[in-house]
Amino acid sequence: MKKVIWGAIALCLAGCYAPLNNSGVSTTKPWIEVPAKRVDYEGKQYDSCVQLKLRFWPQEAAERLDLQASCISACCWRSEQSEIVLDFNKNFEEELLRYGVARKYSPAQITLKVTHSNLVNVTKVTATPRGAVKNSGLVKLSYTTVRDEARLAQIEQELALQQEVLLQEQVQAPRGLETVTNTPQRLSRAKGRQALARARALVQRKVGAQIDNYFYQMNKTYRAQGAIFILSTRLLVPQLKTDGTYLVTCHAKARTGIDEAHLNASDFPCGVWVADLATQLVLPDDKKARQILQ
């Protein structure tokens with residue numbers, strides 16, 4: 001019996017990552033941390049809190065995840081969550097509808113199963129599909145960019161209307177014979193376009209700095225990983241809601257890649273915002289907007 005136990009311990013030590021975690025538990029990978037454990041009245045462990053120190057490439061893939069619920073930004077008790085599913089295509093359809101373009105990642109899901117051996121005091125995490133997580137904790141995904149041409153055309157049309165409004169300093173009454181075309185409907189449309197422009201300007205004024213900082217931090221992350229992030233046009237597209245406020249969708253065009261010779265055009269969402277012209281308030285309306293304000 002002793003030979004069996006010592007053999008198991010020796011096998012574990014050969015496959016285990018390294019030293020004990022703060023809780024005195026060993027792990028099989030450097031990206032698995034066990035900051036806490038629960039013991040019974042005899043001092044024997046019956047539960048542990050496991051945190052997965054994962055990194056993602058491209059880093060935007062992590063934005064589809066709830067990092068806390070996925071045990072990445074915080075530890076999760078093994079008894080409560082022994083299986084974690086990373087769903088990278090969650091909210092794909094919603095993004096496509098709002099922005100006209102969205103990424104579809106592969107693999108779409110990664111399942112992580114947490115197990116612990118009390119015999120050798122080792123916590124192990126297995127990933128499916130196999131090899132989805134590198135030994136360093138890097139999760140590298142491939143993706144295709146899906147475009148909804150009808151939605152993109154609508155966005156371009158809305159942008160064109162915005163530019164038209166910006167060129168008009170004010171609505172002036174036509175002169176001469178043209179005064180007959182100055183109908184209430186025409187004036188109403190002009191005022192509507194001006195309101196859209198004011199909603200766009202309100203979002204820019206209230207949260208423009210936070211959006212700029214979000215992309216600045218994204219650029220730093222790319223550079224830290226030896227990659228390139230070049231931001232170009234940032235677009236704010238407003239639309240009137242039924243309650244009289246405006247929903248302003250933000251997205252930006254950029255080029256990214258591993259080096260200057262391999263740059264790809266990308267679209268990055270930067271939040272959906274509710275603009276209230278009456279109160280001059282701007283509030284976040286989606287997960288991305290709330291993340292930018294944090």
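Every value quoted in this text rests on a predicted model; they were computed, and no experiment measured them.

Cut-offs used in this document
Residues numbered from 1 in each chain as written. Predicted model: local features only at pLDDT ≥ 70, side-chain atom pairs only at ≥ 80, totals over all residues. Heavy atoms only, no water. Salt bridge = Lys/Arg side-chain N within 4 Å of Asp/Glu carboxyl O. Buried < 20%, exposed > 50% of the residue type's maximum accessible area, 1.4 Å probe, protein only. Helix = DSSP H or I, 4+ residues; strand = E, 2+ residues; numbered from the N terminus. Pairing = 2+ DSSP bridges. Contact = heavy atoms within 4.5 Å. Disulfide = S-S within 2.5 Å.

Peer 1: Help me understand the pattern of salt bridges in this model?
Peer 2: In a structure, side chains of opposite charge can pair up when their charged atoms sit close to one another. Applying the stated criterion across every chain yields a total of 9 salt bridges. We note a salt bridge from Asp-47 to Arg-38, for which the minimum N-O separation is 3.1 Å. Judged by relative accessible area, which is 27%, Arg-38 ranks as partly exposed. A salt bridge links Glu-63 to Lys-288, with the nearest nitrogen and oxygen atoms 2.5 Å apart. In this pair, Glu-63 is assigned in the loop between β4 (55-57) and β5 (76-77) and Lys-288 in helix α5 (residues 287-293), connecting sequence segments 225 residues apart.

Peer 1: Quick question: what am I supposed to make of the pairing of strand β9 (residues 122-128) here?
Peer 2: Strand direction decides the pairing type here: strand β1 (residues 26-27) and β9, joined by 2 bridges, are parallel. Residue pairing in the sheet places Thr-27 in a bridge with Thr-123 of β9. Pairing of strand β8 (residues 109-117) with β9 involves 7 bridges; the strand directions are antiparallel. Residue pairing in the sheet places Leu-112 in a bridge with Ala-127 of β9.

Peer 1: Before we go on, may I ask you to explain the environment of Ala-265 in this structure?
Peer 2: By secondary structure assignment, the location of Ala-265 is in strand β14 (residues 263-276). A C-alpha to C-alpha distance of 5.9 Å links Ala-265 and Ala-254, two positions 11 residues apart in sequence. If we skip the residues at most four places from it in the chain, Ala-265 touches Ala-254 and Arg-255.

Peer 1: Looking at this structure, how should I read the state of the cysteines?
Peer 2: A disulfide bridge is the covalent bond that connects two cysteines by way of their sulfur atoms. Counted according to the given criterion, the structure contains 3 disulfides. Paired through a disulfide, Cys-71 and Cys-76 show a sulfur-sulfur distance of 2.1 Å. Its S-S torsion of about -110 degrees marks the bond between Cys-71 and Cys-76 as left-handed, since a negative value means left-handed. Here the two residues Cys-71 and Cys-76 agree in accessibility, since each one is buried.

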